[in-house]
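# Survey of secondary and tertiary structure
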Amino acid sequence: MREVWLVLREQIKYFPVMLRLARYETRAKYKDHSLGVLWDVINPVMQIATYWLVFGIGLRQGGTTDGVPYVGWLVIGQATWLFLNTSFMDATWSIRNNVRQVSKMNFPISIMPTVRTWINVIPFAITLAVGVLIAVGSGVHLTMHAFQFVYYFLAMLAFLHALGIFNATITVLFPDYQQLIQTIMRFVFWFSGAVIDIAAKLGPDHARIGRLIELNPFYYLISGVRDSFLSTGWIWDHPSQNLAFWMFVLVVLLLGSHLHLKFRAYFADLV
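An account of the accompanying structure is given in this report. All values reported here derive from a predicted model rather than from experimental measurement. (Residues numbered from 1 in each chain as written. Predicted model: local features only at pLDDT ≥ 70, side-chain atom pairs only at ≥ 80, totals over all residues. Heavy atoms only, no water.)

### Quick word on the side chain of Asn-242
As a reminder, the rule being used: For the purposes of this entry, the term helix denotes a DSSP run of H or I that reaches at least four residues, the term strand denotes a run of E that reaches at least two, and both are numbered from the N terminus. Under the scheme applied here, a residue whose accessible area is under 20% of the maximum for its type counts as buried, over 50% as exposed, and between as partly exposed, the area being computed with a 1.4 Å probe on protein chains only. Contact definition: two residues touch when any of their heavy atoms are within 4.5 Å.
Mapped onto the elements, Asn-242 comes out in helix 12 (residues 239-263). Using a relative accessible area of 13% as the deciding quantity, one classes Asn-242 as buried. Leave out the neighbours within four places in its chain, and Asn-242 touches Tyr-151, Tyr-220, Ile-235 and Trp-236.

### What about the environment of Ile-165?
Relative to the helices and strands, Ile-165 resides in helix 7 (residues 148-173). Under the relative-accessibility criterion, Ile-165 is labelled buried at 0%. As for Ile-165 and Ser-94, which are separated by 71 residues in sequence, their C-alpha atoms are 9.5 Å apart. Those residues in contact with Ile-165, other than ones at most four positions away along the chain, are Val-7, Ser-110, Pro-113, Gly-256, Ser-257 and His-260.

### So, helix 12
Just so we agree on the cut-off: Expected span of a helix, by definition, is 1.5 Å for each gap between consecutive residues, and there is one gap fewer than residues.
The end-to-end C-alpha distance of helix 12, which contains 25 residues, comes to 36 Å, matching closely the 36 Å that a straight helix rising 1.5 Å per residue would cover. Those residues of helix 12 that sit buried are Gln-241, Asn-242, Phe-245, Val-249, Val-252, Leu-253, Gly-256, Ser-257, Leu-259 and His-260.

### Points about the side chain of Ser-228
Going by this rule: The definition of a polar contact used here is a pair of N or O atoms within 3.5 Å, where within protein one atom must be able to donate a hydrogen and the other to accept one, and adjacent residues in sequence count solely through side-chain atom pairs.
Within the secondary structure, Ser-228 sits in helix 11 (residues 217-230). Here Ser-228 falls in the buried class, since its relative accessible area comes to 0%. A distance of 3.0 Å separates the side chain of Ser-228 from the backbone oxygen of Gly-224, its partner in a polar contact. Among residues more than four places away in sequence, those in contact with Ser-228 are His-145, Ala-146, Gln-148, Phe-149 and Tyr-152.

### What to know about the pattern of salt bridges
The cut-off we apply is this: Take a side-chain nitrogen of Lys or Arg and a carboxyl oxygen of Asp or Glu: if they are within 4 Å of each other, that pair is a salt bridge.
On inspection of all chains with the given rule, the structure shows two salt bridges. In this structure, Glu-10 and Arg-264 form a salt bridge, with 2.7 Å as the shortest nitrogen-oxygen distance. Separated by 254 residues along the polypeptide, Glu-10 in helix 1 (residues 2-13) and Arg-264 in the loop between helix 12 and helix 13 (267-270) bring together distant segments of the chain. In this structure Glu-10 comes out as buried when scored by relative accessible area, which is 14%. Here Asp-90 makes a salt bridge to Arg-116, at a shortest N to O gap of 3.9 Å.

### Regarding helix 11
Over its 14 residues, helix 11 runs 20 Å from end to end, which matches the ideal 20 Å to within 8%, given 1.5 Å per residue. Among the 14 residues in helix 11, 14 count as buried, and that is most of the element. Phi turns positive one or two residues past the end of helix 11, at Ser-231, with a value near 55 degrees.

The following block contains the structure:
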């Protein structure tokens, strides 16, 4: 736990630096584009629209999921998935691509995975707001469930930090790891519940498989955000999922912090 605290203390101490780096990288990314940061919203909205056309109109022809209009259900889930997936993948290469520059500056390399998360927060907030507005326009009423989003957002930050420090460290040690993760995430997408709830569709005959899918941390977070804005469930309705999620985060955080502190003195030599 001492190693976890050391890494977390760096995140807290250099939090203002992280926000400044996130703003700088966002501006630098689109400095030659007329629409600038609007592309961070246009791209996910177009992707969500594509899935809606295929699954919402083409295959499902409208309809509802969990008793709510599918389009609102889809956009909220997709907004959450895009935030998690983009931050997850960006964090994986964040140390390897920046280790030489950061080694010359006065802040620890451990903050780089978290910087990638904060870069994606504003696009996530905008696309999520669009999803909530669509759901409300489709007849969904916001209730006290919406306050749960604070918990799930903090859970997302904890999850992304734990996996970010672990994946970024492993990528420095084994560069092929990033390609492996990209392949795995294409598979995870279909079991995340972002566009279709496979766990619910399996039915009682495959209940065990459904319960295993529900233990997927991406599924846990996406369904939790939906529960918050679509009023379809409370946090305490899923005790086994809560326990599995936080145990996973803790184990990955312990392992990631240990590996990061053990090898970061050699990062510049390994890249």
